[in-house]
Every structure is written in structure tokens, then in C-alpha cells.
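# Results of the structural survey
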Amino acid sequence: MSASRLREAAGGGGIALRLGPFRVRLVTRLPALLDTLQRLYAPLEAEIPAGIHDFHVQVNRPGGLRGRWRPQALFLLDGEAPFEPFPEDHAFPLFEWGLNYSIATRAHRYCMLHSAVLEKNGRALILPAMPGSGKSTLCAALMHRGWRLFSDEFGLLRPESGELLPMPRVIPLKNESIDVIRTFAPEAVTGPRFPKTRKGDVVHVAPTAESLARQQEGAMPAWIVFPRYRPDVGCRLRPVPGSQAFVRLSNNAFNYHLLGETAYRALTNLVKACRSHDLQYGDLEAAVKTLDQLVS
Amino acid sequence: MSASSWQAAAADDLLWEAWEEAFTVYHRATGETHLLNVLPVEILSLLQERPRSTEEIAAELAARCEVVNDGPWHRRVADILEELEALSLVEPVDR
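Computed from a prediction, not measured in an experiment: that's the story for all the values here. (Residues numbered from 1 in each chain as written. Chains lettered and ligands numbered in written order. Predicted model: local features only at pLDDT ≥ 70, side-chain atom pairs only at ≥ 80, totals over all residues. Heavy atoms only, no water.)

## As for the interface of chain A and chain B
Each partner contributes to the interface: chain A provides 14 residues, whereas chain B provides 15 residues. Buried surface at the junction of chain A and chain B, summed over both partners, amounts to about 1200 Å²; 62% is from carbon and sulfur atoms. Linking chain A to chain B there are two salt bridges. Between B:E17 and A:K272 there is a salt bridge; the shortest N-O distance is 2.9 Å. At the boundary of chain A and chain B, one finds eight residue pairs in polar contact (both at pLDDT 80 or more). Looking at the side of chain A that touches chain B, the elements that each hand over two or more residues are α8 (242-252), α9 (256-259) and α10 (261-273) of chain A. The element contributing the most residues to the side of chain A that touches chain B is α10(A), with six residues. (Contact = heavy atoms within 4.5 Å. Buried area = accessible area lost by both parts, 1.4 Å probe. Salt bridge = Lys/Arg side-chain N within 4 Å of Asp/Glu carboxyl O. Polar contact = N/O pair within 3.5 Å; in protein donor to acceptor, adjacent residues only side chain to side chain. Helix = DSSP H or I, 4+ residues; strand = E, 2+ residues; numbered from the N terminus.)

Next comes the structure, spelled out in C-alpha cells:
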């Protein structure tokens, strides 16, 4: 779809975006948002909406006087606004955060881990998000060393099969991590810098072409690694007992309590099928090498 | 609380999983998951056979674990029973 056709469609009936197992219908009249989407999800597989969509999203200027002197962007999910408007020039991070919110609050046919997931040699690595983990930085680094990105944010676990499903999206890097990845992987495709978001300065890293092209290919989980960034540590990998890994993962899942017994069984099977480790790292190259050795 | 006797949650409501060093149990009645070590699991196992008093549990487990059934042991068992009651995994009954 050409850029002009994309704008016309997005501002009218909307465009349909395929994100792993989800179909998102997006209506927007904000050209900068479309430009960033095209850059970071290239080739952007946008279609004229047809059939059923999981999420109906709009990102547009809200009505009212305030928007006239300070342009804003409002995220709507099924016509409802879950957040206050953002400055219009932050429409892309608003779209990404809004989509995360939409998935986390609605996609309950999956057990959703708050984790990065990557794949190598047909098997998946889970990197749960813990405070201070450096998960996104490590995830971006691994993606640029041959790992296929499933997600930086959602481990989508299909309870009935134990399979993890990809949903490759941009990886948001914050503050110091931005330059760390630019140095580590100069080839990384990045979007504009969004200063002073609620999480500080943010730059998004595009999924690799392979990650996008193979986004319908799931994988069975094989490793759970709890990363923790420690600047004073080179790299240290230690086994984690299964019961501890289970407790940490169940606390980390977005919808564990909602799914109840289904999630209990799914996470039990997941942990029993995986080797679990703690990874403390201060050196990104060493961490990548350690994880490559772990899975080889 | 001090109970004359205790009974365990219904066995059909508890989904057990044994790990190398501990146990997890999902309680269907509350929707909660608990991580338990061996002693509470042994207590629940005894109570699933039939209701027992704190004294009976302390005596049977002391023999099984080969420890002295003295005051500190009794208090330890009583404390665990209180914790299990707080988790709705056991409840007091009158026999």
C-alpha cells in the first residue's frame, strides 16, 4: 500500500494491522504516527479492514479547545479512552502503550507473561521482567545477534498446547539503554527520540525483518532466564529451582489470577519443560555469549 | 485460634505439584496458589485421612520425623496449623 493510500485509508475506514495472533484495526489522521509505523514495522502489512478484528483502535486529536494551542493525541479502544491524552508528537508511544493495555486487559485466551521472549533453533527463551532487569536492553541485543524476537513485553502462552506465540513489536529503550544499543548494534533500525515521557526518554528499536516475516511461527519454551543488570558484575548464570521459577512466573503473569487453574497448569507445565536460571550481568556482550552457550 | 480438631480442605479442591524442594498447591475454592514445604504438606496429608487434634498431629509427625514431641515442636505444629487456616487450607471442627 502506498504512503498516500495508507494515509487515506487510515483516516477513513482504518487500516488492519496483523500483530502475531491479533488483528488490529487502526483509524488515525496523524501522519507522523503512520510514518513511524511504516519505518519501524517495514514492510508494514496494512490492509483494508475486513472480517473480525481483536482490537478497534483510534489515535487522533481529541475535540476541545486545548488541542488548538497544544496539539494532543487521544487513544481510543472500542470508542473508550483508557488514558488521558498525550502530546501529539508522542502519538507513537501512546499507540504502543495503548496496544499493550488492550492486549493485557483482553487477550485472556492466552496466559500472558510479562516477559520478553526470543527464539533460537526452534526453541524459546523467556526473559521475565523484574524491576532493574534490563530486559529490553538484553532483548534488543539478542535480537541483533541472531535471535528471533517474539516479544519484548508479552510471553503469549497457549495453555492448551504449551506453545509460545510471537507478536513482534518495537522494543522501547529508555534513557542510557538507547546509546548502549546504538553502540552494540549500529545496524539497529530505530525510530525518533521521544523525550520526557513518563518513563524518561524513549527510542524504539524495530523488530528484525526475520522476526516480522516469521511472526506466525510459534515455538515451545526451553529456557527461563531471570535477568538482572548489575554494573559491577561481568556475567553470572545460576540455576533456579523449579518451585522458585514457578512462583516468580506466576507473580509476573498479567492474568494468572484471572485464568486460575488454567494458568496454574499451564505455568507448571511450562516450568517443568524448561531449565531456569538467574542471570546477573553488567556486560552485554558477555551476557549474549553466555545465553548463546546456554542454548547451544 | 485454638481448635479441638482440624480438617483439611476437600481433596478434590487441591491441585498438587511436587517440585524437587517444595510443593505448590492450587486451591480451587479460593483461586489461590501456595508454595509449601514438607511439614505443612505432611500435616495436610494427615488431615485428609481424617480430622485430628493439634496434639495428635504433633505426636504422629514427631514419630514420623524422629523428633522429640516437646513444647517447641508442639508450638511449631500449632503455628503451621494457624498459617494453613489463614490460607483456608484447614479449618477447625468439633468432633
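## Let's talk about empty space enclosed by the protein
Residue and element names in this part refer to chain A. Applying the stated rule across the entire model yields one cavity of 30 Å³ or more. When its volume is computed, the largest cavity comes out at roughly 30 Å³. As for the largest cavity, its lining consists of A16, L17, R18, R23, E45 and E47. Ranked by residues supplied to the lining of the largest cavity, first place goes to strand β1 (residues 15-19) with three residues. Taken together, the residues that form the lining of the largest cavity break down as two nonpolar, no polar and four charged. (1 Å grid on protein atoms, 1.4 Å probe; cavity = no way out; pocket = protein on both sides within 12 Å on 5 of 7 lines; lining within 4 Å. Points joined across faces, edges and corners; volume = space filled by probe spheres on them. Nonpolar A, V, L, I, M, F, W, Y, C, P; charged D, E, K, R; others polar.)

## A word on the packing of aromatic side chains
Counted according to the given criterion, the structure contains twelve aromatic pairs over all chains. Judged by centre distance (5.8 Å) and plane angle (40°), the rings of A:F246 and B:W19 are tilted. Residue A:F246 is found in helix α8, and its partner B:W19 is found in the loop between β2 (14-18) and β3 (23-27); the two belong to separate chains. Since its relative accessible area comes to 0%, A:F246 is described here as buried. Exposure remark for B:W19: the relative accessible area of 10% places this residue in the buried category. These aromatic residues form a ring-pair network of at least three members: A:F246, A:Y256, A:Y264, B:W19 and B:Y26. Over the aromatic face of A:F226 sits the side chain of A:R248, whose NZ or CZ is 4.4 Å from the ring centroid. (Phe/Tyr/Trp six-rings, centres within 6.5 Å; stacked < 30°, edge-to-face > 60°. Buried < 20%, exposed > 50% of the residue type's maximum accessible area, 1.4 Å probe, protein only. Lys NZ or Arg CZ within 6 Å of the ring centre and 35° of its normal.)

## Re the layout of surface pockets
One water molecule sets the probe size; rolling that probe over the atoms shows where empty space is left. Residues and elements named next belong to chain A. By volume, the largest pocket amounts to about 670 Å³. Looking at the largest pocket, it is lined by 34 residues, and the ones nearest its centre are K135, S136, E153, K174 and K199. At the level of elements, α4 (91-106), α5 (135-143), β12 (171-174), α6 (176-184) and β14 (200-205) are the ones that each hand at least two residues to the lining of the largest pocket. At six residues, the largest contribution of residues to the lining of the largest pocket is made by α4. Residue composition of the lining of the largest pocket, by class: 14 nonpolar, eleven polar and nine charged. Each of domain 1 (3-106) and domain 2 (111-295) contributes no fewer than three residues to the lining of the largest pocket. (Domains from an automatic or database assignment.)

## Re the domain arrangement of chain A
Residue and element names in this part refer to chain A. Under the domain assignment, chain A is made up of domain 1 (3-106) and domain 2 (111-295). The straight-line distance from the C-alpha centre of domain 1 to that of domain 2 is 25 Å. Between domain 1 and domain 2, the residue contacts involve 20 residues of the former and 27 residues of the latter. Of the roughly 2100 Å² buried at the junction of domain 1 and domain 2 (both faces included), carbon and sulfur atoms supply 66%. On inspection of domain 1 and its partner domain 2, the count reaches one salt bridge. Put simply, R169 and E96 hold a salt bridge, and the shortest N to O gap is 2.7 Å. There are seven residue pairs in polar contact (both at pLDDT 80 or more) connecting domain 1 and domain 2. Secondary structure elements with two or more residues in the side of domain 1 that touches domain 2: β1, α2 (31-40) and α4. Along the lines of polarity and charge, the residues of the side of domain 1 that touches domain 2 split into twelve nonpolar, four polar and four charged.

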